[in-house]
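The residues making up each chain are set out below.
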Amino acid sequence: MIISEHYQTGIDVEYISDRVNRVASRFIRSDEDCEGLEKRLVNWCAKEALYKMRSAEDLQYFDMRLHPFSLSDGFVNTDDLKRGDTVRIDFEHTADYMLTWCAEP
């Protein structure tokens, strides 16, 4: 859970599973880096977190685009193509789960 009195927030967590591979074409754009299960999970979770933070915009998966990133960075910049801006989405991954979160004033 993530709560703030001063920021809009979004969070998502998924168990590590190859389920994401079966639906990848539904949420990964052709211009996004999606090599490997972990990167596909970051993509899924980052978009879910941004969607939750900006729920009033009714963002669709293809309205968001992840910049190239490394799993060791712990964050990915993500474009909100409807609004025309970029949001930093932090992530943590373990052997069991992928967690993403974001916040803005």
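In what follows, the accompanying structure is described. (Residues numbered from 1 in each chain as written. Predicted model: local features only at pLDDT ≥ 70, side-chain atom pairs only at ≥ 80, totals over all residues. Heavy atoms only, no water.)

1. Quick look at the state of the cysteines
Then step 1. Under the criterion given, the structure shown has zero disulfides.
Then step 2. Take Cys-34: it sits in no disulfide, and the sulfur closest to it among the cysteines is that of Cys-45, at 15 Å.
Then step 3. Not part of a disulfide, Cys-45 finds its nearest cysteine sulfur in Cys-102, a span of 12 Å.
Then step 4. Given a relative accessible area of 0%, Cys-45 falls into the buried group. (Disulfide = S-S within 2.5 Å. Buried < 20%, exposed > 50% of the residue type's maximum accessible area, 1.4 Å probe, protein only.)

2. Observations regarding the nonpolar core
Then step 1. Counting 23 residues, the largest nonpolar core has Phe-27, Val-42, Leu-50, Val-76 and Ile-89 as the members making the most contacts within it.
Then step 2. Those elements that provide at least two residues to this core are helix 1 (19–23), helix 2 (37–53), strand 2 (64–66), strand 4 (85–93) and strand 5 (97–104).
Then step 3. Of all the elements, helix 2 adds the most residues to this core, at eight residues.
Then step 4. Residues in contact with Leu-50, not counting those within four places in the same chain, are Leu-59, Met-64, Thr-78, Asp-79, Asp-80, Val-87, Ile-89 and Cys-102. (Core = buried A, V, L, I, M, F, W, Y, C linked by side-chain atoms within 4.5 Å. Helix = DSSP H or I, 4+ residues; strand = E, 2+ residues; numbered from the N terminus. Contact = heavy atoms within 4.5 Å.)

3. As for helix 2
Then step 1. The end-to-end C-alpha distance of helix 2, which contains 17 residues, comes to 24 Å, matching closely the 24 Å that a straight helix rising 1.5 Å per residue would cover.
Then step 2. Within helix 2, 13 of the 17 residues are buried, leaving the element largely enclosed by the surrounding structure. (Expected span 1.5 Å × (residues − 1).)

4. Looking at the pairing of strand 5
Then step 1. Strand direction decides the pairing type here: strand 1 (residues 8–15) and strand 5, joined by eight bridges, are antiparallel. By the bridge assignment, Gln-8 is partnered in strand 5 with Glu-104.
Then step 2. Hairpin connection between strand 4 and strand 5: a loop of three residues separates the two successive antiparallel strands. (Pairing = 2+ DSSP bridges.)

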